[in-house]
Amino acid sequence: MEQFEYYNPARIVFGKDKELETGRLVKPYAKKVLLHYGGGSIKKNGVYDRVVASLRQEQIEFVELAGVVPNPRYSMVQKGIALCKEEQIDFILAVGGGSVIDSAKAIAVGYYVDPSVDYWETYFMTGKPAEKALPIGVVLTMPAAGSETSSGTVVTNDETHFKRSIGGECMIPKFAIINPENNYTMPKYQISCGCADIFAHLMERYFTQVSHVDYSDRLLEASMKTLIHYAPLALEHPCDYDIRAEIAWVGTIAHNNLLDRGRLGDWGSHDLQHELGAIYDIYHGEGLSIMFPAWMKYVWKENPERFVQFAMRVWGVDYAMEDPERTILEGIHQTEVFFQRLGLPIRLHELNIDDTHFREMAEKLLVNREYAGNFKHLTVDDAYNIYCLAK
Ligand code: NZQ
Ligand code: ZN
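Residues numbered from 1 in each chain as written. Chains lettered and ligands numbered in written order. Predicted model: local features only at pLDDT ≥ 70, side-chain atom pairs only at ≥ 80, totals over all residues. Heavy atoms only, no water.

### Brief notes about helix α8 (residues 214-236)
And step 1. Relative to the 33 Å expected for 23 residues at 1.5 Å per residue, α8 spans 34 Å between its end C-alpha atoms, a close match to the ideal helical length.
And step 2. Considering bend angle alone, the principal kink of α8 is centred on Tyr230 and spans about 25°; proline Pro232 follows within four residues of it.
And step 3. Along α8, the residues classified as buried are Ser216, Asp217, Leu220, Glu221, Ser223, Met224, Leu227, Ile228, Ala231, Pro232, Ala234 and Leu235.
And step 4. Close packing links the buried residues of α8 with α7 (188-206), α9 (241-253), α12 (304-315) and α13 (324-341). (Helix = DSSP H or I, 4+ residues; strand = E, 2+ residues; numbered from the N terminus. Expected span 1.5 Å × (residues − 1). Bend = angle between axes of the 7 residues up to and from the residue. Buried < 20%, exposed > 50% of the residue type's maximum accessible area, 1.4 Å probe, protein only. Contact = heavy atoms within 4.5 Å.)

Written out as structure tokens, the structure reads:
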């Protein structure tokens, strides 16, 4: 196990009706709030009304910025920064999924970036950590990205078509309100995409080359097994509180960095997915259900024992003494079957994506990076080969 430090100060407020406490939670930080949200799902399902009522009850002034799209855009971030300055905003409240939260985080950091500095080039394209941000709070409407307590944001530049992230403790939300009832209105495909993303966050951490990490291995395995059990049930019973609560809690824990302390996660599949998202504007989860199995097939020889452990402990595959490769491939196959059971694609052609941009995506992946991924350091050729495997 490697040495580590762990710090995650996000207050998690979990349970039925908890969005009615938004005003109370915002109050200590804010005189004037930017209420940031997406394409309108919160207006249809009543979350908007309850959040606004709670802010009004505490007499908190707010201005609104709606219209965040999946794969949130840098142009919206720039609009948000200008609005925050104009309106003298001192707190950003994100009400939505990962895209809304990430847009809020990027606005919060950009607010403090010297206007003479090119925010995108200096931070997103180099990975320079963010040091200062407006405080933000979250009312989460779908479990998936884990951005509600994570220290990162992922944004797509609509001009250059790069999808890149920045990190920094200053972006960890002050609070995350998680009411699983607010997930009931999610479209089924979003339930599946969200579960694929959560599963991918667990696998990115699981596939490490660091040894003697048995405790966090077991926590990750338990989390994966919980999701394998509950994800299909959520599709069958979308309004079952107990089922949605299990998924909501795994979703947050999967990405608040607790489960990767003392180990080094991979993140190559995420990076490969982000290149796809930047060009094709597909959902993050459907990109991962394609790229992760392809990555697994490409890299397992780097540490077969870890893949045997994954197959046996997560999927209950028997050890094939005479042919361990069979055990490994069965573990990868079971992962694909899980994604298919959720109605997700496992090959690019299912999303009508052909090889036109494979080389371009592989090259963009390595812009300003020596390599991608940690389990195996991926080169441009490796990335290209993985896209070919995913065809
Ligand atoms: O925009 P609205 O109308 O709200 O609709 C959204 C959107 O169309 C809808 N939705 C959300 N909650 C709903 C709902 N519809 C009905 N009822 C509800 N309760 O779902 C659609 C997808 O929302 P989005 O926020 O895009 O999904 P998700 O949470 O999966 O976020 C994806 C983004 O997060 C990034 C991804 O790259 C992607 O851009 N990630 C962020 C991370 C982080 N900051 O730590 C880590 C992740 O690995 C990920 O990369
Ligand atoms: Zn993800």
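### So, the site of ligand 1
And step 1. Every one of the 34 residues lining ligand 1 counts as a neighbour, but Gly39, Ser41, Gly98, Ser99 and His201 are closest to it.
And step 2. Taking Ser147, its side chain carries an N or O atom lying 3.2 Å from a nitrogen atom of ligand 1.
And step 3. Here an oxygen atom of ligand 1 and a side-chain polar atom of His270 are 2.9 Å apart.
And step 4. Taken by itself ligand 1 offers 960 Å² of open surface, and the protein chains cover 90% of this.
And step 5. Only α5 (98-110), β6 (152-156), α7 and α10 (268-280) provide two or more residues apiece to the shell around ligand 1.
And step 6. Here the shell around ligand 1 is composed, by residue class, of 9 nonpolar, 22 polar and 3 charged. (Near = heavy atom within 4 Å. Polar contact = N/O pair within 3.5 Å; in protein donor to acceptor, adjacent residues only side chain to side chain. Areas by Shrake-Rupley, 256 points an atom, 1.4 Å probe, with all protein chains shown as cover. Nonpolar A, V, L, I, M, F, W, Y, C, P; charged D, E, K, R; others polar.)

### Examining the coordination of the zinc ion (ligand 2)
And step 1. Those protein atoms acting as donors to the zinc ion (ligand 2) are Asp197 (OD), His201 (NE2), His270 (NE2) and His284 (NE2), and they sit at 2.0 to 2.2 Å.
And step 2. Motif for the zinc ion (ligand 2), donor spacing along one chain: D-x3-H-x68-H-x13-H. One end of the pair, His201, is in helix α7; the other, His284, is in helix α11 (residues 284-299), and 83 residues separate them in sequence. Note on accessibility: His201 and His284 belong to one class, buried. (Donors = N, O, S within 2.8 Å, 3.2 Å for Na, K, Ca; no water.)

### Some points on the sheet that holds strand β5 (residues 136-140)
And step 1. One open sheet holds the 6 strands; their spatial order is β1-β8-β5-β4-β2-β3, and the pairing between them is parallel. The open sheet has two free edges, formed respectively by β1 (11-14) and β3 (61-65), since each of these has just one partner strand. Neighbouring strand axes in the sheet, compared pairwise and without regard to direction, differ in orientation by 20° on average.
And step 2. Pairing geometry for strand β4 (residues 91-96) and β5, over 5 bridges, is parallel. What sits directly across from Val95, in β5, is Val139.
And step 3. Across the sheet, α5 lies against β2 (32-37), β3, β4 and β5, angled at about 165° from β4, the strand it touches most. (Pairing = 2+ DSSP bridges. Axes fitted to C-alpha atoms, helices over the stretch in contact; angles between N-to-C directions.)

### Here's the deal with the side chain of Glu204
And step 1. Following the sequence through the fold, Glu204 ends up in helix α7.
And step 2. Look at Glu204: it is buried, it has no salt bridge, and the nearest opposite charge is Arg205 at 8.3 Å.
And step 3. Beyond its immediate stretch of four places on either side in the chain, Glu204 contacts Gly265, Asp266, Trp267, Gly268, Ser269, His270 and Phe292. (Lys, Arg positive; Asp, Glu negative; His and termini not counted. Salt bridge = Lys/Arg side-chain N within 4 Å of Asp/Glu carboxyl O.)

### As for the packing of aromatic side chains
And step 1. The full count for this structure, using the stated rule, is 28 aromatic pairs.
And step 2. Taken together, a centroid distance of 6.3 Å and an interplanar angle of 65° make the contact between Tyr74 and Phe124 edge-to-face. Here Phe124 lies in helix α6 (residues 119-124) and Tyr74 lies in helix α4 (residues 74-87), a separation of 50 residues in the sequence. Of the two residues examined, Tyr74 and Phe124, each falls in the buried class.
And step 3. Over the ring of Tyr112 we find Lys132, and its NZ or CZ is 4.3 Å from the ring centre. (Phe/Tyr/Trp six-rings, centres within 6.5 Å; stacked < 30°, edge-to-face > 60°. Lys NZ or Arg CZ within 6 Å of the ring centre and 35° of its normal.)

### Re the nonpolar core
And step 1. Grouped together as the largest cluster of nonpolar side chains are 67 residues, with contacts concentrated most on Phe207, Trp295 and Phe307.
And step 2. With near-sequence residues (within four places) excluded, Trp295 lies in contact with Phe207, Asp266, Ser269, Leu272, Phe307, Phe375, Leu378 and Ile386.
And step 3. Formed by 39 residues, the second largest nonpolar core is a distinct cluster that contains Leu34, Val113, Leu134 and Ile178. (Core = buried A, V, L, I, M, F, W, Y, C linked by side-chain atoms within 4.5 Å.)

### Quick word on a nonpolar patch on the surface
And step 1. A contiguous nonpolar surface patch, about 410 Å² in accessible area, is contributed by Met1, Phe4, Tyr6 and Leu258.
And step 2. Along the chain, the position of Phe4 falls in the segment before β1.
And step 3. By relative accessible area, which is 48% here, Phe4 ends up partly exposed. (Patch = residues over 30% accessible without salt bridge, like charges linked within 9 Å, V, L, I, M, F, W, Y side chains within 5 Å.)

### A word on unusual backbone geometry
In most cases, non-glycine residues show a negative phi, while peptide bonds are predominantly trans.
And step 1. A positive phi angle is found at Asn71, which is not glycine, with a value near 60°.
And step 2. By the secondary structure assignment, Asn71 is in the loop between β3 and α4.
And step 3. You can call Asn71 buried: its relative accessible area is 5%.
And step 4. A positive phi angle, close to 60°, is found at Asn368, a residue other than glycine.
And step 5. Note that Asn368 resides in the loop between α14 (358-365) and α15 (380-389).
And step 6. Judged by its relative accessible area of 54%, Asn368 is exposed.

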